[in-house]
Amino acid sequence: MSEPVKIYVLLKFGERRFMEKFRRGQLHFQCLSAFKNQEKDEAGRNDPFEAASAIYNPGSYKIYVGGKPLEDVEGPIVLQENEADRQYSLSLYGVTNESLQRHVQGEQESLIHPWNEKFGDYAVVITHPKEFRNRIDAACRKKGFGLRGGMVAYHEVENFTGKWGYFRKPKEYEYQSEYRLLLDLENREEDHLLEIGDLSDISEIGAYRELIPGILAKIRQEGGLLPHGEEERPSS
């Protein structure tokens, strides 16, 4: 049986003004359909497979429409359920026991991939992920919102066939190590602001590079084993 996923810390990257709002408990959820874009942006937010319910590669299936086979189909067939338009997402970077192990074993060069700084060079570090989730749960119960959450799994799309869902993304996005929270809302707006109260007691805020020593200290405090000398070596 595999070891359950342990999240040591969660990080939110962004501009300072937005991170200050986040730390005050103003959580900005955005409709998943806003990220479903064929044109990739520099920060890596857009994903043409976002919110797909299933992916079928032609090499594994014959595709029929109205009883007639589709010939010469290129690329995967992507299905999306209508409920996807009600899903509002909040994404953070999760440092987990699995990502730590990959880093210790040399399979992952940086504990926190530097490409995430494309989202912004300021960050909020959630030092108590379980309490963070508890506060979101409480706010959603009060509002009557549906809520799901968890780490995203990453797959090679060209080798994948079957159910996809909201917690899978293409392998190329693996550097984001995404912890995703989903609100199910009867809403047609592009985004939604959920207020859960001040987070200063369970978080740190600052320029990301200045927060790295505290992140490493928290991992050690929680029993995580870091490579020798990691305390002195910044992510790069």
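Scroll up for the structure.
Now for a quick tour of the structure. (Residues numbered from 1 in each chain as written. Predicted model: local features only at pLDDT ≥ 70, side-chain atom pairs only at ≥ 80, totals over all residues. Heavy atoms only, no water.)

Focus on the environment of glutamate 98
Looking at where glutamate 98 falls in the secondary structure, it is placed in helix H2 (residues 97–104). When its relative accessible area of 37% is taken as the criterion, glutamate 98 is described as partly exposed. Along the sequence, glutamate 98 and alanine 54 sit 44 residues apart, while their C-alpha atoms lie 26 Å from each other. (Helix = DSSP H or I, 4+ residues; strand = E, 2+ residues; numbered from the N terminus. Buried < 20%, exposed > 50% of the residue type's maximum accessible area, 1.4 Å probe, protein only.)

What to know about the packing of aromatic side chains
Under the counting rule described, the total for this entry stands at four aromatic pairs. If you follow lysine 169 out to its NZ or CZ, it ends over the ring of tyrosine 173, 4.7 Å from the centre. (Phe/Tyr/Trp six-rings, centres within 6.5 Å; stacked < 30°, edge-to-face > 60°. Lys NZ or Arg CZ within 6 Å of the ring centre and 35° of its normal.)

Things to note about the nonpolar core
Counting residues in each nonpolar core, the largest one holds 24 residues, and the members touching the most others are Phe22, Leu27 and Phe132. Ignoring any residue separated from it by four or fewer positions in sequence, one finds phenylalanine 132 in contact with Leu10, Phe22, Leu27, Leu92, Ile126, Leu181, Ile196, Leu199 and Ile202. Ranked by size, the runner-up nonpolar core spans 19 residues in total, among them Leu111, Ile112, Phe119 and Leu211. (Core = buried A, V, L, I, M, F, W, Y, C linked by side-chain atoms within 4.5 Å. Contact = heavy atoms within 4.5 Å.)

Comments concerning helix H4 (residues 208–221)
Look at H4: 20 Å from first C-alpha to last across 14 residues, which is about the 20 Å you get at 1.5 Å a residue. Just downstream of H4, glycine 223 is the residue with a positive phi angle, here 90 degrees. (Expected span 1.5 Å × (residues − 1).)

Regarding the side chain of serine 99
Tracing the chain through its elements places serine 99 in helix H2. Each residue touching serine 99, except ones within four places of it in the same chain, is listed here: Gly94, Gln108 and Leu111.

Quick notes on helix H3 (residues 129–143)
Spanning 15 residues, H3 covers 21 Å between terminal C-alpha atoms, matching the ideal 21 Å at 1.5 Å per step. Among the residues of H3, those classed as buried are Pro129, Phe132, Arg135, Ile136, Ala139 and Cys140. With its buried residues spanning 135 degrees around the axis, H3 presents them on a single face. The exposed residues of H3 that point more than 90 degrees off its buried face are Lys130, Arg141 and Lys142. At the C-terminal side of H3, glycine 144 shows a positive phi close to 80 degrees. (Arc of directions from axis to C-beta.)

Points about the sheet that holds strand S11 (residues 162–163)
Overall, antiparallel pairing links the three strands, which are arranged S6-S3-S11 in an open sheet. Across the chains shown, the open sheet's two edge strands, defined by having one partner strand only, are strand S6 (77–79) and S11. One ladder, built from two bridges, connects strand S3 (residues 54–56) with S11; its direction is antiparallel. The partner of alanine 54 across the bridge, within S11, is lysine 163. (Pairing = 2+ DSSP bridges.)

Examining the side chain of arginine 180
Relative to the helices and strands, arginine 180 resides in strand S13 (residues 178–184). On the accessibility criterion, arginine 180 (1% relative accessible area) is buried. There is a polar contact of 2.8 Å between the side chain of arginine 180 and the backbone oxygen of tyrosine 166. (Polar contact = N/O pair within 3.5 Å; in protein donor to acceptor, adjacent residues only side chain to side chain.)

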